[in-house]
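# Results of the structural survey
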Amino acid sequence: MNVVAVYISAILLAGLAVFQAALAMGVPWGRFAWGGQHGRLPVVLRVGSLAAILIYIGLLAIQMQKAHVLQLLPTGDWIDAAAWAVVVFYLLGIVGNAASRSVSERWVMTPLVSMLFILSLVIALGA
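First, a word on what this report is: a plain description of the structure on this page. The structure presented is a predicted model; accordingly, all values stated were derived computationally and were not measured. (Residues numbered from 1 in each chain as written. Predicted model: local features only at pLDDT ≥ 70, side-chain atom pairs only at ≥ 80, totals over all residues. Heavy atoms only, no water.)

### Some thoughts on the pattern of salt bridges
Two side chains with opposite charge may pair up if their charged atoms get near one another. Heads up, the rule is: By definition, a salt bridge exists where a carboxyl oxygen of Asp or Glu is found within 4 Å of a side-chain nitrogen of Lys or Arg. Only DSSP runs of H or I reaching four residues or more are called helices, and only runs of E reaching two or more are called strands; each is numbered from the N terminus. The classification of residues rests on relative accessible area computed with a 1.4 Å probe and restricted to protein chains. Under 20% of the type maximum is buried, over 50% is exposed, and intermediate values are partly exposed.
Counted according to the given criterion, the structure contains 1 salt bridge. Across the pair D80 and K66 runs a salt bridge whose closest N-O atoms are separated by 2.6 Å. Taken together, the residues span a long stretch of sequence, with D80 in helix α3 (residues 78–98) and K66 in helix α2 (residues 43–66) at a distance of 14 residues. A residue is classified by how much of its surface remains accessible, and D80, at 35% relative accessible area, is partly exposed.

And the structure:
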């Protein structure tokens, strides 16, 4: 089950990475991200979108390590704590997206991050 959860997470995070890259390049999808206050993001939020891609890579690397899919990081007991940190990260993402003033962000990103939360919980609980 862990491996399936990791692969589904990878697909969702790849989609989010493409979305963030598009935002960083100026595609006017800002109503779905960063509070939904912009069409085209200002430069500081475009940089934030690029940083988000790096965060997604880190989150997925932790999950892959935890599920023994791919060993990208040093081994050790720290991976269990890191997997739970990913769970908390997504839980905070649910809260943030659900509280957004943007209807588009609430209706699209909240369910998406909720799926990532459930998948991360499956991974963290896995053997």
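### Structural notes on unusual backbone geometry
The backbone of W34 sits at a positive phi, close to 55°, despite the residue not being glycine. Note on placement: W34 falls in the loop between α1 (2–24) and α2. Located in the positive-phi region is H68, a residue other than glycine, with phi close to 60°. Considering the arrangement of structural elements, one finds H68 in the loop between α2 and α3.

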